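# Inside the fold
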Amino acid sequence: MQQTLFDFEQKTLDDVINPDTYKGIYSFHKYWGKKPLESINYFIQQYTTESDIIIDPFLGSGFIVHEGLRMNRRVIGIDLNPFSIEHTQFLLDLPSPKEYISAIKNIEASIKEKTYSSYMLENNTIASHYLWEGDSIKQIWSKQENKRTRIEIEPTDFDRNLFNSYRNYNVRNIRDAHFFTNSRINSYTTMTLSDIFTDRALRNIDLIIDEIKKYSGALQRALYLTLTSSSGQMSSMVFAITNRGKTQNKKSEKIEVGSWVIGFWRPELHFEINVWNCFESRAKKLYNALQNTSREKYKIHSNLSQLFHSTAGCYLANNNCLDELNTIPDNSIKLVCTDPPHSDRIPYLELSEIWNSILNKNVSFEKEIIVSNAKERNKKKDNYINDMEKFIGEVNRILKTDGIFLLYFNARDKESWKFMKIIEKASDLEFCGAFPLEYSATSVVQDNRKGGMKNDYILLMKHKKSKVLNESEFSFIPGWIEKLTEITL
Ligand SMILES: C[S@@+](CC[C@H](N)C(=O)[O-])C[C@H]1O[C@@H](n2cnc3c(N)ncnc32)[C@H](O)[C@@H]1O
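Along every chain, residues carry numbers that run from 1 in the direction the sequence is written. Side-chain atom pairs in this predicted model are given and counted only at pLDDT of 80 or more, local residue features only at pLDDT of at least 70, and totals for whole chains, interfaces and linings cover all residues.

## Points about the pairing of strand 6 (residues 238-242)
Keep this limit in mind: Any two strands with at least two DSSP bridges between them are considered paired. Secondary structure is summarised from DSSP: a helix means a run of H or I of at least four residues, a strand means a run of E of at least two, and numbering begins at the N terminus for each.
With two bridges joining them, strand 6 and strand 8 (residues 269-273) adopt antiparallel strand pairing. Across the sheet, residue V238 finds its bridge partner in strand 8, namely F271. By the bridge criterion, three bridges tie strand 6 to strand 7 (residues 255-257) in an arrangement that is antiparallel. Bridged to I241 within strand 7 is E256.

This is the structure in structure tokens:
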């Protein structure tokens, strides 16, 4: 069934409390920290009207901009991460399913065989998976034609020689990736793409990019994102899951394919998966999603002034939001709806580095507002609080007197919340209340460390003199709090 505009309108607070899982186009690409659409939708609908201006200065995957445009609001989206801007532009200008699948078929005709030749087995069948233990291939899987069951094969010298023939492959289409020493995500400065992908995988990714380059515009972007979204499964970071489903006394020998979750780990027992298969399976997912999504092309203005002089569309800036907010007029924004980095919970730019290197985009790591474990980055809590206070200062200035400021936030320690003090101390804003968000979305990866929090809060703020919010409307929500001190860490 086609999703229409109306599927996303008329959300109630009950929908906000019981959000749906991300599906289709919303779950196609991983980006960490996606927030439930119902809450975004509800506040846009209740507290803004057509052509009001909404801003999200920490855009991420771009769903806030997308929701705003679907409801005919004008929207400004800012993010430091070039990947975020690409993903948002993708959402706002989807290719037609027909042109997309035809491009995939053309790419298949040009390079599938060439890619498959790098996975050829001695018996002329094609490997789908190589199970590696450290630096040696332990087992190879291939599929029987038209059968679901896999054939498990012992590797021979033929397979090892084929693999070795791609050693020291020189990557042509992907820029060097830059990593920091960050034990939390297992990255280090001398790390290269070859620590994450086999040279055979890099050669095949290069072949795919050669083809993608033949397209342009929205179609090319969708093809690149198909590649970035399948790159995790193409890497050597895919876990082999052993012993799942074992009964109390019996050990299960069954091995399953896991997925890359967070970080740059190459587990001792890991998979190398056929790159073409990874790309094709992601392409099928996007094709299905495109078939089930109504397409609208939204106006993307090339500068802020154009947006202010029109009644529709959005402006997207790949910039440090503190610099960009500075250019926005006082008292001009009806809704600030945003989800900034939550202190040290997710290293956004560092984790996106592979996607950005595939997209050939450069990243200003030094401007990221984050607390990072990476030694070389010098991103400490004090700088974070300082930058977040500057951000609140800008919101105070640009928010209309009857505007609303919604902040999605949570942090594991009290110190990371300190910037909120500036609201009461040095702004015209006031905190009205907050409630914890329920997630049903499996795509929401927040923090998998011990003590990591499952929920985020949605904090509601407005100008002190404004009566725009009726707090009692929210008081029935489980976990509703009226004072920040009531938030439990
Ligand atoms: C929590 S994520 C937003 C996720 C978003 N809610 C979504 O649906 O995907 C925070 C974002 O802030 C961005 N960011 C970090 N520092 C920034 C800065 N100085 N200016 C603009 N964006 C920044 C990160 O790149 C990241 O995309």
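## With respect to unusual backbone geometry
Going by this rule: Partly exposed residues are those falling between the two cut-offs: more than 12 but fewer than 20 other C-beta atoms within 10 Å of their own, whereas 20 or more means buried and 12 or fewer means exposed, with C-beta atoms placed from the backbone.
For S51, which is not a glycine, the phi torsion comes out positive at approximately 65 degrees. Relative to the helices and strands, S51 is located in the loop between helix 2 (37-47) and strand 1 (53-56). Using a count of 13 C-beta atoms within 10 Å as the deciding quantity, one classes S51 as partly exposed. Positive phi, normally seen in glycine, also occurs at S343, with a value near 55 degrees. Take S343: it is sitting in the loop between strand 11 (333-338) and helix 12 (348-358). Judged by local crowding, S343 falls into the buried class, with 23 C-beta atoms found within 10 Å.

## Describing the nonpolar core
Definition in use: Note on terminology: a nonpolar core is a set of buried residues of type Ala, Val, Leu, Ile, Met, Phe, Trp, Tyr or Cys, with members joined through C-beta atoms within 7 Å. Where each domain begins and ends follows an automated or database-derived domain assignment.
Ranked by size, the top nonpolar core spans 111 residues in total, and within it F43, L335, V336, F405, L406 and I458 carry the most contacts. When we break this core down by domain, the ones giving at least three residues each are domain 1 (5-94 + 294-486) and domain 2 (121-274).

## Section: the domain arrangement of the protein
The test is simple: This entry defines residue contacts through backbone-placed C-beta atoms, with two residues in contact when those atoms are within 7 Å. When residues are grouped by polarity, Ala, Val, Leu, Ile, Met, Phe, Trp, Tyr, Cys and Pro land in nonpolar, Asp, Glu, Lys and Arg in charged, and all others, Gly among them, in polar.
On domain assignment, one finds that the protein holds domain 1 (5-94 + 294-486) and domain 2 (121-274). Listed per partner, the contact involves 27 residues of domain 1 and 25 residues of domain 2. Taken together, the elements giving at least two residues each to the side of domain 1 that touches domain 2 come down to helix 4 (82-92) and helix 12. For the side of domain 1 that touches domain 2, the element with the most residues is helix 12, which contributes seven residues. Across the side of domain 1 that touches domain 2, the residue classes tally to 11 nonpolar, eight polar and eight charged.

## Quick notes on the site of the ligand
Going by this rule: Near, as applied to residues and a molecule or strand, means the residue's backbone-placed C-beta atom lies within 6 Å of it.
Near the ligand, the surroundings consist of 24 residues, among which F58, G60, S61, N81 and D339 are the closest. The set of elements that each furnish at least two residues to the shell around the ligand consists of strand 2 (74-79) and helix 12. Of the residues in the shell around the ligand, the class split is 12 nonpolar, six polar and six charged.

## Section: helix 4
Most of helix 4 is tucked away, with 10 of its 11 residues classed as buried. Along helix 4, the positions that sit buried rather than exposed are F83, S84, I85, E86, H87, T88, Q89, F90, L91 and L92. Of the surrounding secondary structure, the elements contacted by the buried residues of helix 4 are helix 3 (63-70), strand 2, helix 8 (217-234), strand 9 (300-301), strand 10 (314-318) and helix 12.

## Comments concerning the sheet that holds strand 4 (residues 136-143)
For clarity, the threshold we go by: Between the N-to-C directions of two axes lies an angle of 0 to 180 degrees, each axis being a line fitted to C-alpha atoms and, for a helix, fitted only over the stretch in contact.
Spatially, 5-4-3-8-6-7 is the arrangement adopted by the six strands of the open sheet, whose pairing is antiparallel. Only two strands of the sheet have a single neighbouring strand rather than two, namely strand 5 (150-153) and strand 7. The average angle at which neighbouring strand axes cross in this sheet is 30 degrees, direction not considered.

## Focus: the environment of T48
Residue position: T48 is located in the loop between helix 2 and strand 1. Classification of T48 as buried rests on a count of 22 C-beta atoms within 10 Å. Separated by 25 residues in the primary sequence, T48 and R73 place their C-alpha atoms 8.0 Å from one another. The contact partners of T48, leaving out residues within four places of it in the chain, are I54, R73, K334 and L335.

## As for the packing of helix 7 (residues 199-212) against helix 8
The cut-off we apply is this: The cut-offs work like this: below 35 degrees is roughly parallel, past 145 is roughly antiparallel, 65 to 115 is roughly perpendicular, and the gaps in between are oblique.
One can describe the packing of helix 7 onto helix 8 by two numbers: an axis separation of 10 Å at closest approach and a directional angle of 170 degrees. Judged by the inter-axis angle, helix 7 sits roughly antiparallel to helix 8. Facing helix 7, whose interface residues are A201, I205, I208 and I212, helix 8 presents Q220, L223, Y224, L227 and M234. Of the residues contributing to the contact of helix 7 with helix 8, the split by class is eight nonpolar, one polar and no charged.

## Digging into the sheet that holds strand 12 (residues 399-409)
Taken together, the eight strands give an open sheet; going across it, the order is 9-10-2-1-11-12-14-13, and neighbouring strands pair in mixed fashion. The strands lining the two open edges of the sheet, one partner per strand, are strand 9 and strand 13 (429-436). Against the sheet, helix 2 touches strand 1, strand 11, strand 12 and strand 14 (457-463), its axis set at about 170 degrees to strand 11. Set on the sheet, helix 13 (residues 381-398) makes contact with strand 11, strand 12 and strand 13; between it and strand 12 the angle comes to about 150 degrees.

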